[in-house]
Amino acid sequence: FELMGEEAKVAVLQNKDIPLEARKVPMVDLPLGATEDRVCGTIDIEKALTDGVKAFEPGLLAKANRGILYVDEVNLLDDHLVDILLDSAASGWNTVEREGISIKHPARFVLVGSGNPEEGELRPQLLDRFGMHAEIRTVRDPELRVQVVEQRSNFDQDPEACLSENAEQQQELRDNIVAAQELVSSVKLD
């Protein structure tokens, strides 16, 4: 209820039907050199002062709301951006304050990241925000490496044929994911 806009809240309180729309889950990339304004969003001060209107330019956190925020090289992210991510991930809200004007919006997202531990350690507080940790290693087997390169080359040459060739396996994976999503609510943790 707290994440609803005013129109939706009024409709719910009046027991009116609310039209629903299925949308794809947004996946937003947070680039390594992103600024605080790019991540959090910014307020158009000129418009606020001249028109008296809070004009908010959404940032990556707003775009990732109810979706996935992917951070490449997460261990190299600036500390002040890590703090912003931690605050938003913990509270589910992002607050943008500029020149005495404040705007708060929902920022609930799944945090996904990648990084090379040899390039820098990940802050423990941020590591706690990831639900899963996986170590990816380079394929060392020469035959398997050749197979990977050949498959990629086949896709580059004829994506449609490659997708068609793997359609059955891809559908099976999609079905497994959907089945798992349906079972999530019945999982009991001790």
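Scope of this entry: the structure provided in the associated data block.

Focus: the nonpolar core
Generally speaking, a soluble globular protein has its nonpolar side chains buried in company with each other.
Link 1 in the chain: Counting 26 residues, the largest nonpolar core has L30, L61, L69, V71, L85 and F109 as the members making the most contacts within it.
Link 2 in the chain: Breaking this core down by element, the ones donating at least two residues are β1 (27–30), α2 (36–40), α4 (60–63), β4 (67–71), α5 (79–91), β6 (101–106) and β7 (109–113).
Link 3 in the chain: Considering every element that reaches this core, the biggest residue donor is α5, with five residues.
Link 4 in the chain: Filtering out sequence-adjacent residues up to four positions away, L85 remains in contact with L30, L61, L69, V71, L77 and F109.

Observations concerning the layout of surface pockets
Link 1 in the chain: The space that makes up the largest pocket amounts to roughly 920 Å³.
Link 2 in the chain: G113, S114, G115, H133 and A134 are, among the 29 residues lining the largest pocket, the residues nearest its centre.
Link 3 in the chain: A total of five residues in the lining of the largest pocket trace back to one element, the largest contributor, which is β7.
Link 4 in the chain: Along the lines of polarity and charge, the residues of the lining of the largest pocket split into 14 nonpolar, ten polar and five charged.

Thoughts on unusual backbone geometry
Link 1 in the chain: The backbone of N15 shows a phi angle near 55°, a positive value even though the residue is not glycine.
Link 2 in the chain: Its identity is not glycine, yet R66 carries a phi of approximately 65°, on the positive side.
Link 3 in the chain: Here R66 shows up in the loop between α4 and β4.

Digging into the sheet that holds β1
Link 1 in the chain: The parallel open sheet is built from three strands, whose spatial order is β1-β4-β7. Lying at the two open borders of the sheet, with one neighbouring strand each, are β1 and β7. Averaged over neighbouring strand pairs, the angle between their axes works out to 25° when direction is ignored.
Link 2 in the chain: Sheet topology places β1 next to β4; four bridges connect them, and they run parallel. Within β4, the position partnered with V28 by the bridge is L69.
Link 3 in the chain: Against the sheet, α5 makes contact with β1, β4 and β7, and its axis sits at roughly 140° relative to β7, the strand it touches most.

Notes on the environment of F109
Link 1 in the chain: You can see F109 is positioned in strand β7.
Link 2 in the chain: C-alpha separation for the pair F109 and A89, spaced 20 residues apart in sequence, amounts to 7.1 Å.
Link 3 in the chain: In contact with F109, not counting residues within four places along its chain, are L61, A64, G67, L69, L85, S88 and A89.

Rules of the game
Residues numbered from 1 in each chain as written. Predicted model: local features only at pLDDT ≥ 70, side-chain atom pairs only at ≥ 80, totals over all residues. Heavy atoms only, no water. Core = buried A, V, L, I, M, F, W, Y, C linked by side-chain atoms within 4.5 Å. Buried < 20%, exposed > 50% of the residue type's maximum accessible area, 1.4 Å probe, protein only. Helix = DSSP H or I, 4+ residues; strand = E, 2+ residues; numbered from the N terminus. Contact = heavy atoms within 4.5 Å. 1 Å grid on protein atoms, 1.4 Å probe; cavity = no way out; pocket = protein on both sides within 12 Å on 5 of 7 lines; lining within 4 Å. Points joined across faces, edges and corners; volume = space filled by probe spheres on them. Nonpolar A, V, L, I, M, F, W, Y, C, P; charged D, E, K, R; others polar. Pairing = 2+ DSSP bridges. Axes fitted to C-alpha atoms, helices over the stretch in contact; angles between N-to-C directions.

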